Amino acid sequence: MTSIEERFSAALHKTALGWRHAIDRRLKDLDLGQASWMAIAMIAKSPQPPSQSELAHQLGVENPTMVSMLDRLVKSGFVQRQPSETDRRVKLVVLTEAGMRVYDTVRKEADGFRKELLQGIDPAQLLAATELLEALQRTTEIGGTDQGGCA
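Everything numeric in this text was worked out from a predicted model, so none of it was measured.

## Notes on the overall build of the protein chain
The helix and strand tally for the protein chain stands at 6 helices and 2 strands. When the helices and strands of the protein chain are read in sequence order from the N terminus, they spell out α-α-α-α-β-β-α-α. Oriented by its inertia axes, the alpha-carbon framework of the protein chain measures out at about 55 × 35 × 25 Å. Partitioning the intrachain contacts of the protein chain with sequence separation of at least 6 by distance along the chain shows that 51% fall at a separation of at least 24. Accessible area of the protein chain: about 10100 Å², with a carbon and sulfur share of 54%.

## Concerning the packing of aromatic side chains
One pass over the structure, following the stated rule, counts 1 aromatic pair. On the basis of an interplanar angle of 80° and a centroid distance of 5.1 Å, the ring pair of Trp19 and Phe113 is categorised as edge-to-face. With Trp19 in helix α1 (residues 4-26) and Phe113 in helix α5 (residues 97-118), the pair connects residues that are 94 residues apart, well separated along the chain. Trp19 gets classed as buried once you look at its relative accessible area, which sits at 18%.

## Quick notes on a nonpolar patch on the surface
On the surface, a cluster of nonpolar side chains totalling about 380 Å² of accessible area is made up of Phe8, Leu12, Leu132, Leu133 and Leu136. Top element by residues in the nonpolar patch is helix α6 (residues 123-140). It accounts for 3 residues.

## Digging into the nonpolar core
Membership of the largest hydrophobic core comes to 28 residues, with the highest contact counts inside it found for Ile40, Met66, Leu73 and Val79. Listed by contribution, the elements that provide at least two residues to this core are α1, α2 (34-45), α3 (52-59), α4 (63-75), β2 (91-95) and α5. Counting residues per element, this core draws most heavily on α2, at 7 residues. Every residue in contact with Ile40, bar those within four places of it in the chain, is listed here: Leu32, Leu73, Phe78, Leu95, Gly99, Val102 and Tyr103.

## Digging into the environment of Glu109
Tracing the backbone through its elements, the reader meets Glu109 in helix α5. A sequence separation of 86 residues divides Glu109 from Ile23, and the C-alpha atoms of the two residues are 7.0 Å apart. Those residues in contact with Glu109 that lie beyond four places of it in its chain are Arg26 and Leu27.

## What to know about α3
Listed in full, the buried residues belonging to α3 are Gln52, Leu55, Ala56 and Leu59. Take α3 and look down its axis: the buried residues cluster within an arc of 100°, on one side only. Each element contacted by the buried residues of α3 is listed here: α2, α4, β1 (79-83) and β2.

Cut-offs used in this document
- Residues numbered from 1 in each chain as written.
- Predicted model: local features only at pLDDT ≥ 70, side-chain atom pairs only at ≥ 80, totals over all residues.
- Heavy atoms only, no water.
- Helix = DSSP H or I, 4+ residues; strand = E, 2+ residues; numbered from the N terminus.
- Contact = heavy atoms within 4.5 Å.
- Areas by Shrake-Rupley, 256 points an atom, 1.4 Å probe, with all protein chains shown as cover.
- Phe/Tyr/Trp six-rings, centres within 6.5 Å; stacked < 30°, edge-to-face > 60°.
- Buried < 20%, exposed > 50% of the residue type's maximum accessible area, 1.4 Å probe, protein only.
- Patch = residues over 30% accessible without salt bridge, like charges linked within 9 Å, V, L, I, M, F, W, Y side chains within 5 Å.
- Salt bridge = Lys/Arg side-chain N within 4 Å of Asp/Glu carboxyl O.
- Core = buried A, V, L, I, M, F, W, Y, C linked by side-chain atoms within 4.5 Å.
- Arc of directions from axis to C-beta.

So this is what it looks like as structure tokens:
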């Protein structure tokens, strides 16, 4: 018999994966992979332009992977790298106007998907589930409370 903890972790993993794939299907016309649109969303949501390393950490990827992804996004005209004013070794990542347009599309699709998926959920259950997931995020030290894989 499967323990509740094992059922929970499997449900959490499958739900997060399903969530990202569902949004990815809605964004297929952008010709961007999931990692790229998630990076664009993270950059757009950041209060300050993130460094390449910060962005890699937020997305849970290695720095070389982040550099390759950013190279593609720069080439596509969605982001720019800018030198930090305080540390010339650090490159900050900012969205271009084209990147902001992509983010607007990502945000609208994600908002619509959230509304569709969560429309029948009791608000009290949604609040309890959200608080539980936020507590688990703090415990596992993964990202912020508003960015975990959704746009």
